Amino acid sequence: MVIFLNLVLAGLRLGLKNYQVGEKWIFDDYAYLCKGLTF
């Protein structure tokens, strides 16, 4: 049971990390596009 809970928590942590990384990429792409449009 404890091992199962640890696996679930590890999976959630990994998912959260990937989500944050994905958001950062989207933000970077958006900033890049805005920069391209202003020039």
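S.K.: Go over the environment of Leu12 with me, naming the residues and quoting the values.
M.R.: With respect to the secondary-structure elements, Leu12 resides in helix α1 (residues 2-38). Judged by relative accessible area, which is 56%, Leu12 ranks as exposed. Residues Leu12 and Met1, spaced 11 residues apart in sequence, show a C-alpha to C-alpha distance of 17 Å.

S.K.: Any details on the pattern of salt bridges? Residues and values, ideally.
M.R.: Working definition: two side chains of opposite charge can pair if their charged atoms are close together. Taken as a whole and judged by the stated rule, the model has 1 salt bridge. Close ionic contact of Lys24 with Asp28 constitutes a salt bridge, the shortest N to O distance being 3.0 Å. Placement of the pair is Lys24 and Asp28 together in helix α1, with a separation of 4 residues, close to one helical turn.

Rules and cut-offs
- Residues numbered from 1 in each chain as written.
- Predicted model: local features only at pLDDT ≥ 70, side-chain atom pairs only at ≥ 80, totals over all residues.
- Heavy atoms only, no water.
- Helix = DSSP H or I, 4+ residues; strand = E, 2+ residues; numbered from the N terminus.
- Buried < 20%, exposed > 50% of the residue type's maximum accessible area, 1.4 Å probe, protein only.
- Salt bridge = Lys/Arg side-chain N within 4 Å of Asp/Glu carboxyl O.

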